[in-house]
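The primary structure of each chain is shown beneath.
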Amino acid sequence: MITEIMQGLGITLKHLFRKPSTVQYPDEKLKLPDRYRAIHGLRRYEDGLERCVCCGLCAVACPADAIYMEAAENTETDRHSHGERYAMRYQIHMYRCIFCGFCEEACPEDAIYLTKDTLGVVTDRNQMVWDKESILKHGQIFPKKPGVPVDPPPKTENVH
Ligand code: SF4
Ligand code: SF4
């Protein structure tokens, strides 16, 4: 009995002087591994147009059926992307997402990607359905792929 108590105290003492494995979040943040994947972002081109052309490949690749989109045609006066179409609606249902990254792998435009930002606290299930504007906010302007010619878009005030 005494031996077991001494063993238990020994383990407690050993851990008392160890470097803690926790951090004082949010003042202190963990250095995340390079391949860490968290919430999504949608990228834009440097000219502000969206990289997403609403091809649907990310939704097809998603094993959790978490991505929903509706396409619309770009016009001369209302252009959102360099392609013929753009995502009029683009949603990620985050309560379904398993952060596998297949959507990022499938995207031919390098539009959708997983950032290192973590999901905040939500109090309503509807807040877990992210719309295009929220996802674009996490994205970044990203130069187009080298060697892929892209004509400059017509000037419009309706670029989102
Ligand atoms: S990370 Fe995986 S589960 Fe989440 S939206 Fe992308 S493909 Fe779907
Ligand atoms: S994010 Fe990429 S794969 Fe998904 S619809 Fe847009 S262009 Fe296609």
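In what follows, the accompanying structure is described. On a predicted model such as this, the values are computed, not experimentally measured, just so you know.

Calculation notes
Residues numbered from 1 in each chain as written. Chains lettered and ligands numbered in written order. Predicted model: local features only at pLDDT ≥ 70, side-chain atom pairs only at ≥ 80, totals over all residues. Heavy atoms only, no water. Helix = DSSP H or I, 4+ residues; strand = E, 2+ residues; numbered from the N terminus. Buried < 20%, exposed > 50% of the residue type's maximum accessible area, 1.4 Å probe, protein only. Contact = heavy atoms within 4.5 Å. Salt bridge = Lys/Arg side-chain N within 4 Å of Asp/Glu carboxyl O. 1 Å grid on protein atoms, 1.4 Å probe; cavity = no way out; pocket = protein on both sides within 12 Å on 5 of 7 lines; lining within 4 Å. Points joined across faces, edges and corners; volume = space filled by probe spheres on them. Nonpolar A, V, L, I, M, F, W, Y, C, P; charged D, E, K, R; others polar. Near = heavy atom within 4 Å. Pairing = 2+ DSSP bridges.

## Some words on the overall build of the chain
- Helices and strands together make up the secondary structure of the chain, namely four helices and five strands.
- Ordered by position from N to C terminus, the α and β elements of the chain give α-β-α-β-β-α-β-β-α.
- Within the span of the chain, comprising 160 residues, buried residues form 30% of the whole.
- Across the chain, contacts joining residues at least 24 apart in sequence account for 75% of those joining residues at least 6 apart.

## Concerning the pattern of salt bridges
- Tallied over the full model, the rule gives two salt bridges.
- For Glu50, the salt bridge identified is with Lys132, shortest N-O distance 3.1 Å. Here Glu50, found in the loop between strand S1 (40–42) and helix H2 (57–61), pairs with Lys132, found in helix H4 (residues 132–138); they are 82 residues apart in sequence, far enough to count as distant.
- According to the relative accessible area criterion, Glu50 is buried, its value standing at 2%.
- With a closest N to O distance of 3.3 Å, Arg89 and Glu70 form a salt bridge. Note that Arg89 is positioned in strand S3 (residues 85–93) and Glu70 in strand S2 (residues 67–73), a separation of 19 residues in sequence.
- Taking relative accessible area as the criterion, Glu70 reaches 24% and is therefore assigned partly exposed.

## What about the layout of surface pockets?
- Looking at the largest pocket, its volume works out to about 220 Å³.
- Forming the walls of the largest pocket are Val23, Tyr25, Lys29, Leu30, Leu32, Tyr36, Lys116, Asp117 and Thr118.
- Grouping the constituent residues of the lining of the largest pocket by class yields five nonpolar, one polar and three charged.

## Quick look at the site of ligand 1
- Neighbouring ligand 1 are the residues His40, Cys62, Pro63, Ala64, Ile67, Cys97, Ile98, Phe99, Cys100, Gly101, Phe102 and Cys103.
- Of the residues that constitute the shell around ligand 1, the class distribution is 10 nonpolar, two polar and no charged.

## Re the site of ligand 2
- Near ligand 2, the surroundings consist of 13 residues, among which Cys52, Cys55, Gly56, Cys58 and Cys107 are the closest.
- Residue composition of the shell around ligand 2, grouped by class: 11 nonpolar, one polar and one charged.

## Some details on the sheet that holds S3
- Taken in spatial order, the three strands line up as S2-S3-S5 in an open sheet, and their pairing is antiparallel. Both outer strands of the open sheet, S2 and strand S5 (129–130), are each paired with one neighbouring strand and no more.
- Here S2 runs beside S3; their pairing, made up of seven bridges, is antiparallel. Directly across from Ala72, in S3, lies its bridge partner Tyr86.

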